[in-house]
Amino acid sequence: MKPFVLITGWITCFHTLAAESQWVLEMVQTPTSERALAPNLCSLKEQFAFTWMEPEPNGKATVHLARWNGLAFDATQTIAESHQMFANWADIPSMVETRGGDWYAQWLEKLGSDTYAYGIRMQRSTDQGQTWQPLGWLHDDQSEVEHGFVSFALEGKDARAFWLDGREMTQPKGNMTLRTALLAGSEIRDERLLDENVCTCCPTTTTTTPDGPVVFYRDRTAKEIRDIRWVRRHNDQWSPPNPLADDQWIVPGCPVNGPSVASCESHLAVSRFTAADDQPKVILEVHPHKDPSHKREIVLDDQAPLGGCSTVTTEQGFATSWLGREGDGIVLRLAEVSLNGTLTHEQILTQLKGPIFRGRTCAISKNDTLWVTWTDQRGVHLGRIRLNG
């Protein structure tokens, strides 16, 4: 396949809807078809990778990868294709690059005839995506229930995966659980149970701190309180689940709206959506690694946002993208917050097509340029913002 070249004329600059804003969103053409869904971004040592799915009319689906080389996308590569692939808007494929140079990729495949009977397939590449080695299922259980919503953290030269696992839901009173395993070379090992009762379909998010990996997720109680909790690994021990905040959001069904975390050498930031007391909000918490009690909470949006947050590190602190509302429309918003928790910039980037949006934003930051992808009724989109002009 010929390399996908980004022609200058294909880049369109959209000045934001706020007249006083300084950020400009540049729309970048992607090598996707009109059938594409589930876009995602993966930061690499050099530039980044863009992944997406494309369902075919014959029932087969394919996970694709295209690497940005600084000027354009290289030729599209195929990670996996299958007639058993489970394609949806919420639980999307992803990949990670380890410090040792391995790439790991995950996607969902059917485990049975029921709609939500699927598991997590894993592959490894040692040549930057040119070839892939199948590793099998991420989990040691193949019950015909849900397994998904994977997030990856770096651990030494390896990677650690976290996911939602429904194996206990085969029992009458069984719950969705949170589990983890280590990806070491061609092995998947050290599977552990971290939380016995979590929300059934909210994305997980993880990062590596100086003390080790930490995962954030939406928990669930017997009273249907679904707030964000975290579990941390320190000195080879896993902590019990701890609350991020006491939102007390009571909701009878899964909101499909998970948190997003990012960290630098000194601080950690995690964004979340909550609709406690019927008041939807997007909130960002920032705290130093050495003193988590010294935290700042910033309400980024309390004007009936939809959520779908993605938080990344920047040269100035942290940036968060999310889906908000402006009048009767849905908009993509972006805010930047300093390490001490001061909101330094917030604005609307663009308006989405269509009254209903399903999905989330996915963002990364490279060389003080923020890249963000999303979908609407027009399809998959990728944009970039030069944060310092």
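Above this text you will find the structure in question.
Residues numbered from 1 in each chain as written. Predicted model: local features only at pLDDT ≥ 70, side-chain atom pairs only at ≥ 80, totals over all residues. Heavy atoms only, no water.

Caption draft 1: Structural view of the sheet that holds strand 14 (residues 187–195). The four strands lie next to each other as 11-12-13-14, forming an open sheet whose pairing is antiparallel. The outermost strands of the open sheet, each flanked by one partner alone, are strand 11 (147–155) and strand 14. Recorded for the sheet is a direction-independent mean angle of 25° between the axes of neighbouring strands. Summarising the sheet, strand 11 and strand 12 (residues 158–165) pair through seven bridges and their orientation is antiparallel. What sits directly across from L154, in strand 12, is A159. (Pairing = 2+ DSSP bridges. Helix = DSSP H or I, 4+ residues; strand = E, 2+ residues; numbered from the N terminus. Axes fitted to C-alpha atoms, helices over the stretch in contact; angles between N-to-C directions.)

Caption draft 2: Structural context of the pairing of strand 27 (residues 343–351). Sheet topology note: the strand 26 (residues 329–338)/strand 27 ladder contains seven bridges and is antiparallel. Bridge pairing links R333 to I348 in strand 27. Between the antiparallel neighbours strand 26 and strand 27 lie four residues, among them G341 with a positive phi of about 90°.

Caption draft 3: Summary view of empty space enclosed by the protein. Taken as a whole and assessed by the stated rule, the structure comprises one cavity of 30 Å³ or more. The space that makes up the largest cavity amounts to roughly 30 Å³. For the largest cavity, the full set of lining residues is T209, P210, D211, R232 and H289. (1 Å grid on protein atoms, 1.4 Å probe; cavity = no way out; pocket = protein on both sides within 12 Å on 5 of 7 lines; lining within 4 Å. Points joined across faces, edges and corners; volume = space filled by probe spheres on them.)

Caption draft 4: Broad picture of the nonpolar core. M53, L65, I79, M85 and M95 are the most contacted members of the largest nonpolar core, which totals 19 residues. Sorting the residues of this core by element identifies strand 3 (37–43), strand 4 (48–55), strand 5 (61–68), strand 6 (77–82) and strand 8 (103–110) as the ones contributing at least two each. Residue contacts for M85: discarding those within four places in its chain leaves M53, A61, T62, V63, A80, W107, L108 and E109. (Core = buried A, V, L, I, M, F, W, Y, C linked by side-chain atoms within 4.5 Å. Buried < 20%, exposed > 50% of the residue type's maximum accessible area, 1.4 Å probe, protein only. Contact = heavy atoms within 4.5 Å.)

Caption draft 5: Quick look at the environment of G136. Inspection of the secondary structure assignment puts G136 in strand 10 (residues 133–137). Its relative accessible area of 21% is what places G136 among the partly exposed residues. It is 5.7 Å that separates the C-alpha atoms of G136 and R121, two residues lying 15 residues apart in sequence. Setting aside its immediate chain neighbours within four residues, G136 contacts I120, R121 and M122.

Caption draft 6: Representation of the sheet that holds strand 23 (residues 296–301). On the basis of which strands lie adjacent, the open sheet formed by four strands has the order 20-21-22-23 and antiparallel pairing. With one partner strand each, in any of the chains shown, strand 20 (260–263) and strand 23 form the two edges of the open sheet. Adjacent strand axes in the sheet meet at a mean angle of 20°, parallel and antiparallel pairs treated alike. Examined bridge by bridge, strand 20 and strand 21 (residues 267–274) share four bridges and lie antiparallel to one another. Following the sheet pairing, A262 is matched in strand 21 by A269.

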